[in-house]
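# What the coordinates show
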Amino acid sequence: MNAGISTTAARDADIARSGNGALAGTGTLIRFILRRDRIRIPVWIVAIVVSLVGVAQSYADTFPTQSDLDSRAKLVDSPIFVAFNGPGYGLDNYTLGAMVANEGLYLGVILVALMSVFLVIRHTRAEEESGRAELIRSAAVGRHAGTVSSIVVVAAANVVVGLLAAAGLSSLEELDGTGSLTFGLSMTAAGLVFTAAAAIAAQVAEYARGAIGVGVAALGVTYVLRAIGDISETGLSWVSPFAWSLETRAFVDERWWPLLLSLSLAVVVTYGAMVVSARRDVGGALVPPRPGRSRATSQLVRPVGLALRLQRGGLIAWAIGLALLGASFGPLVGDVGEFAAENEQLQDIIAAAEGATVTESFLGTVTRMLALITTGFAIQSALRMRGEEISGRVEPMLATALSRQRWVSGYLAVATGGSALVMLAGSMLLGVTAAAGQQDASLLFELLAGGVAYLPAIWVAAGVVVALFGVLPGVVKAAWLVLVYDVLVGLLGAPLGLDDSPARNLSPFGHVPQLPGVDFDALPIVVLVAVAGGLIGVGVAGFRRRDVQSS
Amino acid sequence: MRPVISVEGLVKNFGTTRALDGVNLVVEGGEVHGFLGPNGAGKSTTIRILLGLLRADHGTATVLGGDAWDDAVELHRRLAYVPGDVELWPNLTGGEAIDLQARLRDGFDPRHRDELCERFDLDPSKKGRTYSKGNRQKVAIVAALASDAELLILDEPTAGLDPLMEAVFQECIREAKASGRTVLLSSHILAQVEALADHVSIIRLGRVVEAGTLAELRHLTRTTIDVMTSRPADSVSQFTGVHDLRLEDGRARFDVDTEHLDAVVGHLHELGIRALVSQPPTLEQLFMRHYGAELPGATTQDGVSR
Ligand SMILES: Nc1ncnc2c1ncn2[C@@H]1O[C@H](COP(=O)(O)OP(=O)(O)OP(=O)(O)O)[C@@H](O)[C@H]1O
Ligand SMILES: [Mg+2]
């Protein structure tokens, strides 16, 4: 199946020339993508800009005086913050601008990276998977047109996001134009890196889902490498686009050269993607398909068996990803503790702010982050039901003696059981590494318990998917808003001043005791389990009543 | 004996589109029933209702004595379905997809399955992603035939099959019929329906406009006559049931409704027949007549798109 490799040399020559032939039709495809995504792309852009400006505005409201900012600066200098937000700068005279950059830039980078990955894959690998790309390539369209047109559109979207974010930020009284522009373009530069990374991911994986996984994994790896580098102060951070963006030092003493690193990497990776894309067959991947079993095992024939088989690869990847994440943050607990021991004043500040010791609060935050990522898995996994329906694969299954509720139960088991597995993989590795670092075995059990405490909240998100799937299948993807809201409340709740507002109650994450460090309260857990169960019941009942749809 | 499929007054709306507008359909046990109609007529919609995948707005759909919606799961043990557009899981093999469906029905026979794979020249160890259109279709056909379902519901089952495989398919359907199974066959391949079906229903704009045996339907259509007569045949135009008459020096070509054939040929005889070619009504003509605008009452398009 590697017919695509045979004329490599000739094709390389083609790429080098990259004449009109290889790019023919790019303009048409760009217009086509813009037309298809005339709503989607603006929604991404507006959502990202609005969240960033909203975060900046709420910082301004929450920290109105210089003394507020000064005490905040002490917190920013702590290892917990360094691990999540990078090394702070401009702390001697902490301004709102410095705060927005130190505490908001990574959020912006993550958002543009996700936008880039989702959009690029949507127009490259997903198109090939559906077979539509074949139709387009058969027309007078060059070999690189598909990849290049997607990259051009997404790159342009990144530029627009950066400029609009700059405009939005500079509209705030305390933020100056240069700083805002530096902030915005730092986001753009990182977005371009992940646009290129997604273009490579689209070449490597055969399915869009897998390609998105590769793209998001790249995001995770670069974030973690930076965290390790920043905590250990080894300079490892300099391999990560996260660091390059922060090193522009927006709002303090701006410098542009770190962005050259992002741009160079983006160009090199894009070139790589084009080389690979020209070498392989349309619809093919670098990994050729192998023959498999010609019979189904009796496992597969059960609803759970099929749902598990379809998501096995993804489940394993998520579990490994979370385990690695946990294992990268666990060892940092030693540094955090040491740092706090030297600085009793800081310890008090954190204890007052978080109601726990420094290490507990650090581990609690990491656990919360793991739980948020696991929620992403739970939602994605439960959404698989809708994917099966739309693709038309569910019809023949439901035309057998398989009832609708049994069919749902398979996917539900993977979404709930799988999210438990993914969460515990993260908590386990976090616990083992933290316990080893602290010589304190009880930490492992506390962290496992902390992880388990989040499961009902995660299942509520899966329950929302099921409920929408049954009752309002057309908008089932709106379930992602649960995750967005959980992130707002769970990670940004304190700085946004959401902690005491009733809005917090709307997020399942607002109800989970953040272990370790606080007293365990069983009531919210029980309520969350009941809510998840209720949502699932509604969804199943709805699905049993409605038409099965197919495109 | 009660019919295997009995559909009465079926109505289904998708938003403002009326897909079915009072469909009536009866399929008796043991027959191969051709289900024909132009694109968008409502064949697949009717079939999805029979499978309990869609819920009818009005009317009743009874399958194997049970209600198509309420008793869906129980009924599905005893019937098998082949869709016209088979989607497979990209990372599951064809063999796994076959087992997945066939084992969820009564009377799955693995040996029969292997035998079918051989007859259809299907490699069940390949991943779904790598099958061609025709091979995906074969996967669904083998899955449906591998169990001994009493009723086969086939929605354009052979779209994309090559002629050789088409022949194998027809053979399999004949065997199914011989063993007493009932088949509902929706198809655009008229030769296939002509070869297999004993009863036919034609659906158009969400309504069954014609139903009966092939012989009965043939009777409703026209024979084409190409004749040379000693005396000019202008007078033929005065006969009822003669259409599209063309006359050129002693030669006449026209279509005649089969029920008036006798009278017209009698008249031609009087004019002195020197040569005569008569083409029997083809199924194709029958369908052209029903699919096209020629259908009596086809002008009443109301109630279809409101
Ligand atoms: N899910 C749906 N939503 C909206 N309209 C639909 C839907 N499914 C079918 N229709 C409409 O209902 C009508 C009947 O469609 P159906 O698929 O039953 O036709 P068909 O006879 O099977 O056609 P074909 O020969 O092309 O397969 C068409 O007008 C179609 O556009
Ligand atoms: Mg159809």
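Note: the structure precedes this text.
The sections below set out a description of the structure shown in this document. Since the model is a prediction, treat every value here as computed from it, not as a measurement.

## Some words on the sheet that holds strand β13 (residues 251-257) of chain B
All names here are of chain B.
- Across the sheet, four strands lie side by side as β12-β13-β11-β14; this open sheet has antiparallel pairing. Since the sheet does not close on itself, it has two edges, and those belong to β12 (242-248) and β14 (273-279), each with one partner. In this sheet, neighbouring strand axes are inclined to one another by 15° on average, regardless of whether the strands run parallel or antiparallel.
- Here β12 runs beside β13; their pairing, made up of five bridges, is antiparallel. Within β13, the residue paired with arginine 246 across the bridge is arginine 253.
- Along the sheet, helix α9 (residues 261-271) makes contact with β11 (222-229), β12, β13 and β14, crossing β11 at roughly 5°.

## Details of the state of the cysteines
Residues and elements named next belong to chain B.
- Evaluated as defined, the whole model comprises zero disulfides over all chains.
- Here cysteine 117 stays free of any disulfide, with the sulfur of cysteine 172 as its closest cysteine sulfur at 11 Å.
- The exposure class assigned to cysteine 117 is buried, which follows from its relative accessible area of 6%.
- Its relative accessible area of 4% is what places cysteine 172 among the buried residues.

## Notes on the side chain of A:Thr195
All names here are of chain A.
- Position of threonine 195 relative to the elements: it lies in helix α11 (residues 177-204).
- Accessibility expressed as a relative area gives 1% for threonine 195, which makes it buried.
- Leave out the neighbours within four places in its chain, and threonine 195 touches Ser116, Val120, Ile151, Val154, Ala155 and Asn158.

## Observations concerning the interface of chain A and chain B
- Taken residue by residue, the interface counts 40 residues in chain A and 37 residues in chain B.
- Carbon and sulfur atoms make up 56% of the surface buried where chain A meets chain B, a total of about 3500 Å² over both sides.
- Our enumeration of links across chain A and chain B arrives at four salt bridges.
- Among the salt bridges present, the one from B:Glu96 reaches A:Arg309, with a minimum N-O distance of 2.9 Å.
- Linking chain A to chain B there are 20 residue pairs in polar contact (both at pLDDT 80 or more).
- Every element with two or more residues in the side of chain A that touches chain B is listed here: α8 (125-130), α15 (298-301), α16 (303-329), α19 (358-391), α20 (394-398) and α24 (522-545) of chain A.
- It is α20(A) that provides the largest number of residues to the side of chain A that touches chain B, a total of four residues.
- Each residue belonging to the side of chain A that touches chain B can be placed in one class, and the counts come to 15 nonpolar, ten polar and 15 charged.

## What about the sheet that holds strand β5 (residues 66-67) of chain B?
Residues and elements named next belong to chain B.
- Judged by pairing direction, the sheet is antiparallel, and its four strands sit side by side in the order β2-β1-β4-β5 without closing on themselves. Every interior strand has two partners, whereas the edge strands, β2 (17-27) and β5, have only one.
- Of the pairings in the sheet, the one linking strand β4 (residues 58-63) to β5 comprises two bridges and is antiparallel in character. What sits directly across from valine 63, in β5, is glycine 66.
- Against the sheet, helix α1 (residues 43-50) touches β1 (5-14), β2 and β4, its axis set at about 115° to β1.

Criteria and thresholds
Residues numbered from 1 in each chain as written. Chains lettered and ligands numbered in written order. Predicted model: local features only at pLDDT ≥ 70, side-chain atom pairs only at ≥ 80, totals over all residues. Heavy atoms only, no water. Pairing = 2+ DSSP bridges. Helix = DSSP H or I, 4+ residues; strand = E, 2+ residues; numbered from the N terminus. Axes fitted to C-alpha atoms, helices over the stretch in contact; angles between N-to-C directions. Contact = heavy atoms within 4.5 Å. Disulfide = S-S within 2.5 Å. Buried < 20%, exposed > 50% of the residue type's maximum accessible area, 1.4 Å probe, protein only. Buried area = accessible area lost by both parts, 1.4 Å probe. Salt bridge = Lys/Arg side-chain N within 4 Å of Asp/Glu carboxyl O. Polar contact = N/O pair within 3.5 Å; in protein donor to acceptor, adjacent residues only side chain to side chain. Nonpolar A, V, L, I, M, F, W, Y, C, P; charged D, E, K, R; others polar.

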